[in-house]
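# Structure assessment
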Amino acid sequence: MHHLNSNIIGQKLELYNAEVIFYPRLFHQPESHQLFTDLLNQISWKHEPIKIFGKSVLQPRLTAYYGTKAYTYSGVTMQPLPWNAPLLQIKEKIEPLVNTQFNGVLLNLYRDGQDYMGWHSDDEKELVKGGAIASLSLGETRRFIFRRKDNHQIKFELKLADGDFLVMGGDPQKFWQHYVPKSPKVTHPRINLTFRMLA
Ligand SMILES: O=C(O)CCC(=O)C(=O)O
Ligand SMILES: [Fe+2]
């Protein structure tokens, strides 16, 4: 059990050398549903390319980036759009909980189970070292899997459902990667937001 600056209690996950705290259903209905709809309508969703081994490839999901600092992610520099109302609504709830201030948020829209995110660590050099990454999931439940970088057989799986909140602190990105696999049976969309602190 982990107690952070409020009476909301999260579960600390037992991941080697990582500080990952899970808050199931931090947001619930009707607020989570209202946020999902507002984000779907008010975020400027784009189908953007990334660079893989120097080649430009469309990402298998829609994305957006908001905040106050530019962010280079998978070889592409994103200029932030200014915070909007639903993002501020979320930011104001999570910042006291995580006891930190975020200046950027990356949004992913998984339109259905064909959309996914490949294995990666969030270790871009412009992220503040040791800064937490705070992830909120809305809409459809999707699998979220960690694996150790030094032994890909060691895995840890979560199902991230509507309103679930996950804080990756300490240095999980150094020892672990994570991904959101395809889920062919899923037909409904999911939105994920990862709040970040950029130097
Ligand atoms: O959709 C998710 O839960 C993960 C998103 C993620 O890993 C990222 O944006 O870096
Ligand atoms: Fe990530």
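Structural data are supplied above this passage.
Structural notes, computed from the coordinates. (Residues numbered from 1 in each chain as written. Chains lettered and ligands numbered in written order. Predicted model: local features only at pLDDT ≥ 70, side-chain atom pairs only at ≥ 80, totals over all residues. Heavy atoms only, no water.)

## A closer look at unusual backbone geometry
Backbone torsion omega between Q29 and P30 reads 0°, so that peptide bond is classified as cis. Checked against the element boundaries, P30 lands in the loop between β3 (19–23) and α1 (31–42). For R25, which is not a glycine, the phi torsion comes out positive at approximately 50°. Position of R25 relative to the elements: it lies in the loop between β3 and α1. Even without a glycine there, the phi angle at N99 is positive, about 60°. On the basis of relative accessible area, N99 is assigned to the exposed category, the value being 56%. (Helix = DSSP H or I, 4+ residues; strand = E, 2+ residues; numbered from the N terminus. Buried < 20%, exposed > 50% of the residue type's maximum accessible area, 1.4 Å probe, protein only.)

## Let's talk about the coordination of the iron ion (ligand 2)
Taken together, the protein donors to the iron ion (ligand 2) comprise H120 (NE2), D122 (OD) and H178 (NE2), at separations of 2.1 Å. Here the donor residues of the iron ion (ligand 2) are spaced in sequence according to H-x1-D-x55-H. With D122 in the loop between β10 (117–120) and β11 (133–139) and H178 in strand β15 (residues 176–180), the pair connects residues that are 56 residues apart, well separated along the chain. When sorted by exposure, D122 lands in the same class as H178, which is buried. (Donors = N, O, S within 2.8 Å, 3.2 Å for Na, K, Ca; no water.)

## Description of α1
For α1, built from twelve residues, the straight-helix expectation of 16 Å at 1.5 Å per residue is met to within 8% by its first-to-last C-alpha distance of 16 Å. Lining the buried residues of α1 we find α2 (85–98), β9 (104–110), β11 and β16 (190–196). (Expected span 1.5 Å × (residues − 1). Contact = heavy atoms within 4.5 Å.)

## A look at the side chain of D162
Its location among the elements puts D162 in the loop between β13 (155–160) and β14 (165–169). R25 provides the closest opposite charge to the buried, salt-bridge-free D162, at an N-O distance of 4.6 Å. Polar side-chain contacts of D162 include one of 2.8 Å to the backbone nitrogen of G139. Setting aside chain neighbours within four positions, we find D162 in contact with R25, F27, Q29, S32, S137, L138 and G139. (Lys, Arg positive; Asp, Glu negative; His and termini not counted. Salt bridge = Lys/Arg side-chain N within 4 Å of Asp/Glu carboxyl O. Polar contact = N/O pair within 3.5 Å; in protein donor to acceptor, adjacent residues only side chain to side chain.)

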